[in-house]
Amino acid sequence: MIEIKKLSKQADNKFILRGIDLRVNKGETVAVLGPNGAGKSTLLKVLATLIKPTAGHVLMNGLDLRKNHIEIKKVIGYLPHSSLLYDHYSPLENLVFFGNIYGVNNVEQRAVNLVKEVGLSFFLNEPVKNFSRGMIQRIAIARAIIHEPEVLLLDEPHTGLDQGAISILNNVILSMKEKGTTTLMVTHDFKQAAEICDRIIIVKNGKIVDDFRIETRNQGFVSEKYELQVEGVS
Ligand SMILES: Nc1ncnc2c1ncn2[C@@H]1O[C@H](COP(=O)(O)OP(=O)(O)OP(=O)(O)O)[C@@H](O)[C@H]1O
Ligand SMILES: [Mg+2]
């Protein structure tokens, strides 16, 4: 569960986040939509404990972001814009490396299974530097979930993926949801948001301007809400 109260972030005298209040329940999958520069990635970076908020409070599975950031890092899986992978390492070496940081049991077996799950078993021992963007993104997804996190923070996870990889990613998100994982997913992809999320929030100028449940798995419904809030079209 994620509880955010009056969260703000200021940098260079500019307010990037301005009083975010949000509660995401355990097992809920929430998409974060909004125009470029709205503050979506900044929100995820604060939740991933990479940058400190200027004001406000955050609880993740009951852990206070200001006091328990080491424990919080074990609970979360964060997929940023960049892959965080080591170029000269293979998928297996990367996943074992990151798995060891989190103290994952039977880490090699877990790594091999994950590489299989993202459809890259054939490239298990190839250096990542030779991979295409979509292949890197598949391994980056495996890295983010190596320790079976209870909270997933995904920043534009569908970017660069082909249709096959999109369904692999969606199945990963849905199967983690079944285990009770809470997911916050930044995306510009209304179709994926409508298909796999329970709820959508729209961020504009560092504020949440809309928050609604997905009633029909129809991207038209999401686009209408988005246009109304972001482009002022009704
Ligand atoms: N460290 C920083 N110092 C100053 N300004 C920053 C910093 N980090 C982000 N910003 C600014 O904050 C705003 C929000 O950035 P952010 O990356 O959160 O947007 P975003 O909603 O993820 O956009 P996109 O859809 O393009 O990924 C931008 O105007 C950006 O220039
Ligand atoms: Mg961003």
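Look above for the structure.
Because the structure is a prediction, the values reported are computed rather than measured.

Draft legend 1. Molecular detail of the pairing of strand β4 (residues 55-60). Where burial is concerned, the two faces of β4 differ: the one with Gly56, Val58 and Met60 is buried and the one with Ala55, His57 and Leu59 is not. As paired elements, strand β1 (residues 2-11) and β4 share five bridges and run antiparallel to each other. Residue pairing for β4: Ile4 is matched across the bridge by Val58. Relative to strand β5 (residues 63-64), β4 runs antiparallel, the two being bridged by two bridges. Note that in β5 the partner of Leu59 across the bridge is Asp64.

Draft legend 2. Quick peek at the site of ligand 1. Close contacts around ligand 1 come from 15 residues, with Lys14, Gly37, Lys40, Ser41 and Thr42 the closest. A distance of 3.1 Å is found between an oxygen atom of ligand 1 and a backbone nitrogen or oxygen belonging to Ala38. Computed on the free molecule, ligand 1 has an accessible area of 640 Å², of which 64% lies beneath the protein chains in the complex. Elements that contribute at least two residues to the shell around ligand 1 include exactly β2 (14-24) and α1 (40-47). Looking at the shell around ligand 1, the element that brings in the most residues is α1, giving three residues.

Draft legend 3. Seen up close, empty space enclosed by the protein. Tallying each qualifying case throughout the model produces one cavity of 30 Å³ or more. Taken together, Val118, Arg138, Ile141, Leu161, Ala165, Ile168, Leu169 and Val172 make up the full set of residues lining the largest cavity. When contributions to the lining of the largest cavity are tallied by element, the ones reaching two or more residues are α5 (133-145) and α6 (163-178). The element contributing the most residues to the lining of the largest cavity is α6, with four residues.

Draft legend 4. Structural context of the nonpolar core. The biggest cluster of nonpolar side chains holds 48 residues, and the ones touching the most others in it are Leu33, Leu95, Ile139, Ile200, Ile202 and Val222. The element best represented in this core is α5, accounting for seven residues. In terms of nonpolar packing, the next biggest core, distinct from the first, is built from 29 residues, Ala48, Ile72, Val75 and Leu153 among them.

Draft legend 5. Looking closely at the packing of aromatic side chains. Evaluated as defined, the whole model comprises nine aromatic pairs. A ring pair is formed by Tyr86 and Tyr89, whose centres lie 5.6 Å apart and whose planes are at 45 degrees; its orientation type is tilted. Classification of Tyr86 by relative accessible area gives partly exposed; the value is 41%. On the basis of relative accessible area, Tyr89 is assigned to the partly exposed category, the value being 35%. Ring geometry for Phe212 versus Phe221: centroids 5.6 Å apart, planes at 90 degrees, classification edge-to-face. Judged by relative accessible area, Phe212 falls into the buried class, the value being 8%.

Draft legend 6. Region of interest: helix α3 (residues 91-101). What α3 keeps buried is the set Pro91, Leu92, Asn94, Leu95, Val96, Phe98 and Gly99. In this structure, the buried residues of α3 make contact with α4 (107-117) and α5. Just downstream of α3 lies Gly103, where phi reads positive at about 70 degrees.

Draft legend 7. Broad picture of α6. Along its 16 residues, α6 runs 23 Å from first to last C-alpha, staying within 8% of the 22 Å computed at 1.5 Å per residue. Turning to α6, its buried residues are Ala165, Ile166, Leu169, Asn170, Val172, Ile173 and Met176. Mapping the buried residues of α6 onto a view down its axis gives an arc of 150 degrees, with all of them on the same face. Exposed residues pointing more than 90 degrees away from the buried face of α6 are listed as Gln163, Asn171 and Glu178. As for α6, its buried residues are in contact with β3 (29-33), α4, α5, β7 (151-155), β8 (182-186) and α7 (190-196). For α6, the N-terminal cap is Asp162; the gap from its side-chain oxygen to the backbone nitrogen of Gly164 is 3.1 Å. Gly180 occupies a position one or two residues after α6 and carries a positive phi of about 100 degrees.

Conventions adopted
- All chains use their own residue numbering, which begins from 1 and follows the written sequence.
- Lettering of chains starts at A and numbering of ligands starts at 1, both following the order in which they are written.
- Residue-level local features of this predicted model are given only where pLDDT is at least 70; pairs of side-chain atoms are given and counted only at 80 or more, and the full residue set underlies all totals for whole chains, interfaces and linings.
- As a rule here, side-chain values come from all non-hydrogen atoms in the structure, and water together with hydrogens is ignored.
- The rule is simple: take the accessible area with a 1.4 Å probe, protein chains only, and divide by the maximum for that residue type; under 20% is buried, over 50% is exposed, in between is partly exposed.
- Secondary structure elements follow DSSP: runs of H or I no shorter than four residues count as helices, runs of E no shorter than two count as strands, and numbering proceeds from the N terminus.
- Being paired, for any two strands, means DSSP has found at least two bridges between them.
- We call a residue near a molecule or strand when any one of its heavy atoms sits within 4 Å of it.
- Side-chain atoms alone can form a polar contact between residues adjacent in sequence; in general such a contact is a pair of N or O atoms within 3.5 Å, and within protein one must be able to donate a hydrogen while the other accepts it.
- For the area figures, the Shrake-Rupley method with a 1.4 Å probe applies, and any residue is considered shielded solely by the protein chains shown.
- Of the two site types, the cavity is a set of points on a 1 Å grid over the protein atoms alone where a 1.4 Å probe fits but cannot get out, and the pocket is an open set with protein on both sides within 12 Å along at least five of seven lines, each lined by residues with an atom within 4 Å of a point.
- Grid points are joined across faces, edges and corners, and a volume is the space filled by probe spheres set on the points.
- Here the nonpolar core consists of buried residues drawn from Ala, Val, Leu, Ile, Met, Phe, Trp, Tyr and Cys, with membership extended through side-chain atoms lying within 4.5 Å.
- What counts as a ring pair is set by centres within 6.5 Å for rings of Phe, Tyr and Trp (its six-membered ring), and what kind of pair is set by the plane angle: stacked under 30 degrees, edge-to-face over 60, tilted for all other angles.
- Pairs of residues are marked as contacts when any of their non-hydrogen atoms sit within 4.5 Å.
- Expected span, for any helix, means 1.5 Å times one less than how many residues it has.
- To be clear, the arc concerns the directions from the helix axis to the C-beta atoms.

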